[in-house]
Amino acid sequence: EDQVTQSPEALRLQEGESSSLNCSYTVSGLRGLFWYRQDPGKGPEFLFTLYSAGEEKEKERLKATLTKKESFLHITAPKPEDSATYLCAVQARSNDYKLSFGAGTTVTVRA
Amino acid sequence: DGGITQSPKYLFRKEGQNVTLSCEQNLNHDAMYWYRQDPGQGLRLIYYSQIVNDFQKGDIAEGYSVSREKKESFPLTVTSAQKNPTAFYLCASSIILGQGKETQYFGPGTRLLVL
């Protein structure tokens, strides 16, 4: 069974204080790893897809990296508008396009 | 504007009542999905459909039913058999390229509450 574990559960940052979120996964053949951002009461918003170890993708203050066992989402010099819950999901080659999600990391950035 | 719409935003269910959540997409996506989100848990897959008139159970299908009569629409019915229906319900859709690189895009969600 595919498993996704995100840590920490919650992260409180001062504006400008860079940090990283972790997504550890166990999957029988990774097809893709997905990062989403979710604001309270809203649907998840797609951020990145990573397909193979060593791959990196960036968007504004966010950078996602991937190894064979985990992915990191680095937030550089965060601003209050980066406050959200960040979700990680994996798709296995054998799993017919289904996603398995972690519970998320809630990030709060104080001005 | 292209996107996924879900209605209603809030839905209240009485004991023993079936309720239906609407999901419509105008992205011309082949596949559609229903997830349930509970506090402190990851999204869990209820049902998914890759083609019209066909759908498969996800991990927590008991107490739910779906239909896919049109490519654009994938309604979810929460039946009276679902004993703990209070949750945030999310609909998603994706294309199917056959290369395993499909991204799922989500709607705004429906919050279901039991009276």
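Bear in mind the structure is a predicted one, so any value in this text is a computation, not a measurement.

## As for the layout of surface pockets
Considered as a void within the structure, the largest pocket measures approximately 580 Å³ in volume. Among the elements that take part in the lining of the largest pocket, strand S11 (residues 105-110) of chain A stands out by supplying 4 residues, more than any other. The volume enclosed by the second largest pocket comes to roughly 340 Å³. As for the second largest pocket, its lining consists of 14 residues, and the residues nearest its centre are Glu-1, Asp-2, Ser-100 and Phe-101 of chain A together with Asp-59 of chain B.

## Quick look at the sheet that holds strand S3 (residues 19-26) of chain A
Residues and elements named next belong to chain A. Spatial strand order, S1-S3-S8-S7-S6: 5 strands in an open sheet with antiparallel pairing. Taken across any chain shown, the strands that pair with only one partner, and hence form the sheet edges, are strand S1 (3-7) and strand S6 (56-59). This sheet shows a mean twist of 15 degrees between the axes of neighbouring strands, independent of strand direction. Pairing of S6 with strand S7 (residues 62-66), which is carried by 4 bridges, proceeds in the antiparallel orientation. Paired with Glu-58 across the strands is Lys-63, a residue of S7.

## As for the side chain of Asp-38 of chain B
Residues and elements named next belong to chain B. Note on placement: Asp-38 falls in the loop between strand S4 (31-37) and strand S5 (44-51). At 2.8 Å, the side chain of Asp-38 forms a polar contact with the side chain of Arg-36. Excluding anything up to four places from it in sequence, Asp-38 contacts Arg-44, Thr-86 and Ala-87.

## Digging into the sheet that holds strand S8 (residues 76-78) of chain B
Hydrogen bonding along the main chain pairs the strands of a sheet, whether they run parallel or antiparallel. Residues and elements named next belong to chain B. If you walk across this open sheet you meet the 4 strands as S1-S3-S8-S7, and the pairing is antiparallel. The sheet is open, and its two edges are formed by strand S1 (4-7) and strand S7 (64-66), each paired on a single side. Between one strand axis and the next, the sheet turns by 20 degrees as a mean value, whatever way the strands run. As paired elements, S1 and strand S3 (residues 19-25) share 4 bridges and run antiparallel to each other. The partner of Gln-6 across the bridge, within S3, is Cys-23.

## Section: the state of the cysteines
Residue and element names in this part refer to chain A. Following the criterion strictly, the structure yields 2 disulfides over all chains and no others. Note on cysteine connectivity: Cys-23 is disulfide-linked to Cys-88, with sulfurs 1.9 Å apart. Across the S-S bond linking Cys-23 and Cys-88, the dihedral sits near -65 degrees, which makes this disulfide left-handed. Linking Cys-23 in strand S3 with Cys-88 in strand S9 (residues 84-92), this pair joins segments that are 65 residues apart in sequence.

## Examining the interface of chain A and chain B
Facing 20 residues of chain A, the contacting portion of chain B comprises 24 residues. The contact between chain A and chain B buries some 1,800 Å² in all, and 55% of this surface belongs to carbon and sulfur atoms. It is Tyr-97, Lys-98 and Phe-101 of chain A that lose the most area in chain A upon contact with chain B, and together they represent 31% of the buried surface on that side. Connecting chain A to chain B are 0 salt bridges. Along the contact surface separating chain A from chain B lie 2 residue pairs in polar contact (both at pLDDT 80 or more). Elements supplying a minimum of two residues to the side of chain A that touches chain B: strand S4 (30-38), strand S5 (45-50) and S9 of chain A.

Definitions and limits used
- Residues numbered from 1 in each chain as written.
- Chains lettered and ligands numbered in written order.
- Predicted model: local features only at pLDDT ≥ 70, side-chain atom pairs only at ≥ 80, totals over all residues.
- Heavy atoms only, no water.
- 1 Å grid on protein atoms, 1.4 Å probe; cavity = no way out; pocket = protein on both sides within 12 Å on 5 of 7 lines; lining within 4 Å.
- Points joined across faces, edges and corners; volume = space filled by probe spheres on them.
- Helix = DSSP H or I, 4+ residues; strand = E, 2+ residues; numbered from the N terminus.
- Pairing = 2+ DSSP bridges.
- Axes fitted to C-alpha atoms, helices over the stretch in contact; angles between N-to-C directions.
- Polar contact = N/O pair within 3.5 Å; in protein donor to acceptor, adjacent residues only side chain to side chain.
- Contact = heavy atoms within 4.5 Å.
- Disulfide = S-S within 2.5 Å.
- Buried area = accessible area lost by both parts, 1.4 Å probe.
- Salt bridge = Lys/Arg side-chain N within 4 Å of Asp/Glu carboxyl O.

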